[in-house]
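Breakdown of the fold
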Amino acid sequence: MTKNNKVVIGTRKSKLALWQAEWVKSEIEKMTPGLKVELNKITTTGDKILDVPLAKVGGKGLFVKEIEEALLRGEADIAVHSMKDVPVDFPKGLHLAVICKREDPRDALIAAVHDSRFTVHGFKDLPKGAAIGTSSLRRMCQLLNIRPDLKIMQLRGNLDTRLRKLDEGQFDAVILAAAGVKRLGLAERITEVLEPGISLPAIGQGAIGIECRIDDKFTNKLIEPLNHPETAVCVRAERAFLKKLEGGCQVPIAAYARLVRQGSGVRGQESESQHHSSLVTHHSLLIMDGLVGNLSGDTLIKGSIKGSPDDAEKLGIKLAEELFSRGAGEILAEIYKK
């Protein structure tokens, strides 16, 4: 592959994965006119096994392993992932080079539609014993904590499949990541975006990550401008929290970090600036909430931490240690035994 005129992006084949890969492709083409960018569409283990809950398949790296192997074989130069699917450890020779600007990190409730009207207006309106579709243990434990009467049902497949199952009447509502729904232009399907107080997001939810070979200087330099310092610092804090808890993709662990400007309201990840991360730390405070829950939702161990964005990963580790000291380890050990 002649390095300087072609770049191959490894991606999953789902509509959302292709949207993300096409977005990265168009950004690269804008920055480097004349460069040829191609997609290598890869089927991952997570895409093949659709009849088993993800937690039972073994969680870690289900949606990235085959794409990473393509990177190592030179069949792709970069891999575009949803950050919430990316394990905290990488194969030798690969690294997470870029974290792009985050879309809405929250979960979305999508209720069934009848006569082109939503059957309920939000989470609080769900009828007693409503059937809710989700394959996420994180969502399950938080929803059951507030509403133990809900009937949580397994829901696998890509976004289209999940919405189709809802429309066929298999569920009263489904819970999806708001970011994916919005990226595919389906925002009008969202009944209610769930605030973190109801459903704390998954680690890295709403952010796109780009992985590549560490020694590929051309590609690392090429994609560097796509890194969004504010998003990166928040997601790195969340991932440090997950790594300390030794959580895979499919465990009831949640974390959400954001930057707040000191002495003012929330700053979030709104800054368009692509400069050095010193901008991130200028008068800002990193605030992160974290949670570990048991499967029935009757025990949620929650914590919050704040500090300098320069200490993002240390803050993530410290918050994990605090939850450990309050029983998170026992909950996770019990779940891994199952």
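The structure presented is a predicted model; accordingly, all values stated were derived computationally and were not measured.

The helix and strand inventory of the protein stands at 12 helices and 15 strands. In the protein, which comprises 338 residues, the share counted as buried stands at 55%. When the accessible surface of the protein is totalled, it reaches about 15,200 Å², and 52% of it is carbon and sulfur.

Either a parallel or an antiparallel arrangement is found when strands of a sheet pair, and the pairing is made through backbone hydrogen bonds. The three strands are arranged E13-E14-E15 in an open sheet whose pairing can be described as antiparallel. At either end of the open sheet lies a strand with only one pairing partner, and these are strand E13 (253–261) and strand E15 (300–307). Here the strands of the sheet are splayed against their neighbours by 15 degrees on average, with no regard to which way each runs. Across eight bridges, strand E14 (residues 284–293) lies against E15 in antiparallel orientation. Along E15, the bridge assignment pairs Leu291 with Lys302. Along the sheet, helix H9 (residues 229–244) makes contact with E13 and E14, crossing E13 at roughly 145 degrees.

This part covers the sheet that holds strand E5 (residues 107–111). If you trace the five strands from one edge of the open sheet to the other, you get E9-E8-E10-E5-E11, paired in mixed fashion. Of all the strands in the sheet, the pair left with one neighbour each is strand E9 (151–153) and strand E11 (192–194). Here the average twist between neighbouring strands, direction ignored, is 30 degrees. As paired elements, E5 and strand E10 (residues 173–177) share five bridges and run antiparallel to each other.

Turning to helix H4 (residues 65–73), its buried residues number three or more, namely Glu66, Ile67, Glu68, Ala70 and Leu71. Positive phi shows up at Gly74, right after H4, with a value of about 80 degrees.

Here we take up the pattern of salt bridges. Throughout the structure, instances matching the rule amount to 24 salt bridges. Notably, a salt bridge pairs Lys15 with Asp160, separated by 3.0 Å at the nearest N-O pair. Of this pair, Lys15 sits in helix H1 (residues 15–31) while Asp160 sits in helix H6 (residues 159–167), placing them 145 residues apart in sequence. The exposure class assigned to Lys15 is exposed, which follows from its relative accessible area of 52%. The partly exposed category is assigned to Asp160, whose relative accessible area is 31%. Here Glu322 makes a salt bridge to Arg326, at a shortest N to O gap of 2.6 Å.

Grouped together as the largest cluster of nonpolar side chains are 27 residues, with contacts concentrated most on Phe241, Leu245, Ile253, Leu286, Met288 and Val292. At the level of secondary structure, the elements contributing two or more residues to this core comprise H9, E13, E14, E15, helix H11 (312–325) and helix H12 (328–337). Dropping the residues within four chain positions of it, Val292 is found in contact with Leu245, Pro252, Ile253, Thr299, Leu300, Ile301, Leu323, Ala328, Ile331 and Leu332.

A separate point is the packing of H9 against H11. Contact pair H9 / H11: the axes reach a minimum separation of 7 Å and the direction vectors enclose 35 degrees. For H9 against H11, the interelement crossing comes out right-handed. Of H11, the residues touching H9 (which contributes Val233, Arg236, Ala237, Ala240, Phe241 and Lys244) are Ala312, Glu313, Gly316, Ile317, Leu319, Ala320, Glu321, Leu323 and Phe324. For the contact of H9 with H11, the residue count by class is 10 nonpolar, one polar and four charged.

Attention shifts here to the environment of Val24. Inspection of the secondary structure puts Val24 in helix H1. Residues within four places of Val24 in sequence aside, it is in contact with Ile9, Ile78, Val80, Ile210 and Leu226.

Glancing now at the confidence of the model for the protein. Note: predicted coordinates in regions of low pLDDT should not be interpreted at a detailed level. Here the protein shows a mean pLDDT of 89. Residues at 70 or above account for 86%. When pLDDT is averaged over each helix and strand of the protein, the minimum, 55, is found for helix H3 (residues 54–57) and the maximum, 98, for E11. Taken together, the stretch residues 269–277 has pLDDT below 50 and engages in 22 contacts with residues farther than four places along the chain or on a different chain.

Counted residue by residue, E14 has 10 buried out of 10 residues, so it is predominantly covered. Of the two faces of E14, the one holding Ser284, Leu286, Met288, Gly290 and Val292 and the one holding Leu285, Ile287, Asp289, Leu291 and Gly293 are both buried throughout. Inspection of the sheet shows E13 paired to E14 by nine bridges, in the antiparallel sense. When the sheet's bridge partners are listed, Arg261 is paired in E14 with Ser284.

The next thing to look at is helix H5 (residues 137–146). Along an α-helix, residues three or four apart share an orientation, since each turn contains 3.6 residues. For H5, a buried count of eight out of 10 residues is recorded, marking the element as mostly surrounded by other parts of the structure. For H5, every residue scored as buried is listed here: Leu137, Arg138, Arg139, Met140, Cys141, Gln142, Leu143 and Leu144. The N-cap residue of H5 is Ser136: its side-chain oxygen and the backbone nitrogen of Arg138 are 3.2 Å apart.

Locating Arg258 in the fold gives a position in strand E13. Polar side-chain contacts of Arg258 include one of 2.9 Å to the side chain of Asp289.

With respect to the helices, strands and loops of the structure, Asp125 is situated in the loop between strand E7 (117–118) and strand E8 (131–133). According to the relative accessible area criterion, Asp125 is partly exposed, its value standing at 41%. In terms of polar contacts, Asp125 uses its side chain to reach the backbone amide nitrogen of His121, at 3.2 Å.

The rules behind each value
- Residues numbered from 1 in each chain as written.
- Predicted model: local features only at pLDDT ≥ 70, side-chain atom pairs only at ≥ 80, totals over all residues.
- Heavy atoms only, no water.
- Helix = DSSP H or I, 4+ residues; strand = E, 2+ residues; numbered from the N terminus.
- Buried < 20%, exposed > 50% of the residue type's maximum accessible area, 1.4 Å probe, protein only.
- Areas by Shrake-Rupley, 256 points an atom, 1.4 Å probe, with all protein chains shown as cover.
- Pairing = 2+ DSSP bridges.
- Axes fitted to C-alpha atoms, helices over the stretch in contact; angles between N-to-C directions.
- Contact = heavy atoms within 4.5 Å.
- Salt bridge = Lys/Arg side-chain N within 4 Å of Asp/Glu carboxyl O.
- Core = buried A, V, L, I, M, F, W, Y, C linked by side-chain atoms within 4.5 Å.
- Left-handed = near helix turned anticlockwise from the far one by under 90°.
- Nonpolar A, V, L, I, M, F, W, Y, C, P; charged D, E, K, R; others polar.
- pLDDT = per-residue confidence, 0-100.
- Polar contact = N/O pair within 3.5 Å; in protein donor to acceptor, adjacent residues only side chain to side chain.

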